Amino acid sequence: MIDEFAKEYLHGDLREVREELVGKLDGPSEYDIRRPLTASGTNLLGLVKHLSLTEARYFGDVFGRPYPEPLPRWDDLEVRGRDMWATENETRAEIIAGYRRAWAHADATIAALPVDAPGHVPWWPRPNVMLFNVLVHVLTETNRHAGHADILRESLDGTSASEAHRTPEFWRSRHAEVERAAQAAREASTVD
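Here, residues in each chain are numbered from 1, in the same order as that chain's written sequence. Note on the predicted model: pLDDT of at least 70 is required for a residue's local features to be given, and 80 or more for side-chain atom pairs to be given and counted; whole-chain, interface and lining totals, by contrast, use all residues. The side-chain figures draw on all heavy atoms in the structure; neither hydrogens nor water molecules are used.

A. Highlighting the overall build of the protein. A run of H or I in DSSP counts as a helix once it spans at least four residues, and a run of E counts as a strand once it spans at least two, with each numbered from the N terminus. From N to C terminus, the protein includes six helices and two strands. Listed N to C, the secondary structure of the protein is α-α-α-α-β-β-α-α in terms of helices and strands. Counting over 192 residues, the protein shows a buried share of 36%. Considering only intrachain contacts with a sequence separation of at least 6, the fraction spanning at least 24 residues in the protein is 75%. Under this rule, positive means Lys or Arg and negative means Asp or Glu; His and the chain ends count for nothing. A charge is said to be at NZ when it belongs to Lys, at CZ for Arg, at CG for Asp and at CD for Glu. Distance between charge centres in the protein, computed from 23 positive and 32 negative side chains, equals 1 Å. Residue exposure (1.4 Å probe, protein chains only): buried if accessible area is under 20% of the type maximum, exposed if over 50%, otherwise partly exposed. Contacts are assigned to residue pairs with any non-hydrogen atoms lying within 4.5 Å of each other.

Written out as structure tokens, the structure is:
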């Protein structure tokens, strides 16, 4: 049986990871939070913008609680992927504020509905869901992108997710240790 404890537990984790993700935008320059850091163009500000749409959509229309701001249609292929980056006219502050508005709407939906409230996700293979399913999905999606943000931020300026627990010397030593192991594995694979 899924109960309200499960709902509160998942919701608490979601609130925590949201703050961690937004924290990744503190420090780097405007250019660094926007620039493509992978072949697909992934960047820090785009991850936050994308999750704004994710929360607005999943905790909005899915439960008959439309988000008050305009959203692109979920099946509009022309706009797919545009939520993954920020235009030059969108500011960091605007995107963070938009994410926080999406949180507030999502939090209101989560608070108002029981964990087994029915919803409908038309783009899923099994579209009839409960709030529990959507909470798990959005938490998973947010954690996934927070992990991306951890790696992107570390590649930008060396700031790591567990920085408070380790010194820069520790990380240099760890990097060298991992590099030695990779080289040894490469050499062993060429001998075979």
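B. Up close: the nonpolar core. In terms of nonpolar packing, the biggest core is built from 37 residues, with Phe59, Leu131 and Val134 touching the most fellow members. Non-local contacts of valine 134, meaning those with residues more than four positions away in its chain, are made with Tyr58, Phe59, Val62, Phe63, Val121 and Val129. What makes a nonpolar core is a set of buried Ala, Val, Leu, Ile, Met, Phe, Trp, Tyr and Cys residues whose side-chain atoms join them at distances within 4.5 Å.

C. Structural context of the packing of helix α1 (residues 4-23) against helix α4 (residues 92-112). Two numbers describe how α1 lies on α4: the axes approach to 12 Å, and their chain directions differ by 175°. Relative to α4, α1 is oriented roughly antiparallel. Facing Lys7, His11, Leu14, Arg15, Arg18, Glu19, Leu21 and Val22 of α1, the residues of α4 in contact are Ile96, Tyr99, Arg100, Trp103, Ala106, Asp107, Ile110 and Ala111. In this classification, Asp, Glu, Lys and Arg are treated as charged, Ala, Val, Leu, Ile, Met, Phe, Trp, Tyr, Cys and Pro as nonpolar, and every other residue, Gly included, as polar. In terms of residue class, the contact of α1 with α4 is built from nine nonpolar, one polar and six charged. Only C-alpha atoms enter the line fits that serve as axes; for helices the fit covers just the stretch in contact. Angles between N-to-C directions range over 0 to 180 degrees. Every angle not falling under 35 degrees, over 145, or within 65 to 115 is termed oblique; those three ranges are roughly parallel, roughly antiparallel and roughly perpendicular.

D. The arrangement of α4 in detail. Across its 21 residues, α4 extends 30 Å between first and last C-alpha, which sits within 8% of the 30 Å expected from 1.5 Å per residue. Within α4 the residues assigned to the buried category are Arg92, Ile95, Ile96, Gly98, Tyr99, Ala102, Trp103, His105, Ala106, Thr109 and Ile110. Packed against the buried residues of α4 are α1, α2 (30-34), α3 (44-58) and α5 (131-157). Given a helix with a known number of residues, its expected span is that number minus one, times 1.5 Å.

E. Spotlight on the packing of aromatic side chains. Think of it this way: a Phe, Tyr or Trp ring, Trp meaning its six-membered ring, pairs with another when their centres are within 6.5 Å, and the plane angle makes it stacked under 30 degrees, edge-to-face over 60, tilted otherwise. The tally for this structure, following the rule as stated, stands at four aromatic pairs. An angle of 35° between the planes, with centres 6.0 Å apart, marks the rings of phenylalanine 5 and tyrosine 9 as tilted. One end of the pair is phenylalanine 5 and the other is tyrosine 9, both in helix α1 and four residues apart, which spans about a single turn. For phenylalanine 5, a relative accessible area of 61% corresponds to the exposed category. On the basis of an interplanar angle of 70° and a centroid distance of 5.1 Å, the ring pair of tyrosine 99 and tryptophan 103 is categorised as edge-to-face. A residue pair is termed a helical-turn pair when its members lie 3 or 4 positions apart in one helix, as tyrosine 99 and tryptophan 103 do in helix α4 at four residues. Like tryptophan 103, tyrosine 99 is buried.

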